[in-house]
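# Observations on the model geometry
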Amino acid sequence: MKEENTDELSRALAKAQGQLKPAKKTGRNEHRKYDYVELAGIVEAARKPLADNGLAFVQYFDGSGDSEYLVTMLMHESGQSLKSRLKLLPTQDYHALGSAVTYSRKYALASMLGIVAEGEDDD
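Here the structure is a predicted model, which is why all the values come from computation and not from measurement. Residue indices begin from 1 for each chain and proceed along its sequence in written order. This being a predicted model, a pLDDT of at least 70 is required before a residue's local features are given, and a value of 80 or more before pairs of side-chain atoms are given or counted; all residues contribute to the totals for chains, interfaces and linings. As a convention, hydrogens and water are excluded, and side-chain values are obtained from all of the structure's heavy atoms.

Attention now moves to the packing of aromatic side chains. When two rings of Phe, Tyr or Trp (its six-membered ring) have centres within 6.5 Å they constitute a pair, described as stacked for plane angles under 30 degrees, edge-to-face for angles over 60, and tilted for the intermediate range. Enumeration according to the criterion identifies two aromatic pairs in this entry. A centroid spacing of 6.2 Å and a plane angle of 10° characterise the contact between Tyr103 and Tyr107, whose relative ring orientation is stacked. One end of the pair, Tyr103, and the other, Tyr107, are both in helix H3 (residues 94–113), four residues apart, so they sit about a helical turn from each other. Only protein chains enter the accessibility calculation, which uses a 1.4 Å probe; a residue whose area is less than 20% of its type maximum is buried, one above 50% is exposed, and one in between is partly exposed. With relative accessibility at 45%, the residue Tyr103 sits in the partly exposed group. The class of Tyr107 is partly exposed, set by a relative accessible area of 36%. Cation over ring: Arg85 sits above Tyr69, and NZ or CZ is 3.7 Å from the ring centre. Helical segments are the DSSP runs of H or I of at least four residues, strand segments are the runs of E of at least two, and each set is numbered from the N terminus. Charge-over-ring contacts are defined here by two conditions on Lys NZ or Arg CZ: a distance within 6 Å of the ring centre and an angle within 35 degrees of the ring normal.

Now the structure itself:
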């Protein structure tokens, strides 16, 4: 989503992205035999570069009609912010919902910040 007045946030994000390192693959899918970046790895890669540049993020749910969305918001100490909304797909149970939320949080945050996985990305 395009937000108005993001000049300070944009400068801070550009600096933070210059400090970001690829996220480490600490997860392992034994069934399909590949390593992957967990949500914690995305957060770990982002935390210090964001904080050093006056940036923080939150992720929360927003219900709209019959749909649920995951909102990812990047905030700057100036009060400027940038948001994205990702529609969550319907699930059958809470375990499936938990998995969908974790995947959604990981990919939404990585996309917003420009974080990539170390090595070959096969996830």
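Anyway, onward from the coordinates.
Right, let's talk about the nonpolar core for a bit. To form a nonpolar core, buried Ala, Val, Leu, Ile, Met, Phe, Trp, Tyr and Cys residues must be joined to one another through side-chain atoms within 4.5 Å. One finds Ala23, Ile42, Leu50, Leu55, Leu74, Leu113 and Ile115 to be the most contacted residues of the largest nonpolar core, which totals 21 residues. Breaking this core down by element, the ones donating at least two residues are helix H1 (7–19), helix H2 (39–52) and H3. Of the residues forming this core, the biggest block, six residues, is contributed by H2. Here a residue-residue contact requires only that any non-hydrogen atoms of the pair lie within 4.5 Å. For Ile115, the residues in contact, after removing those within four places along its chain, are Leu20, Ala23, Ile42, Ala45, Ala46 and Ala110.

Purely geometric numbers; function is a separate question.
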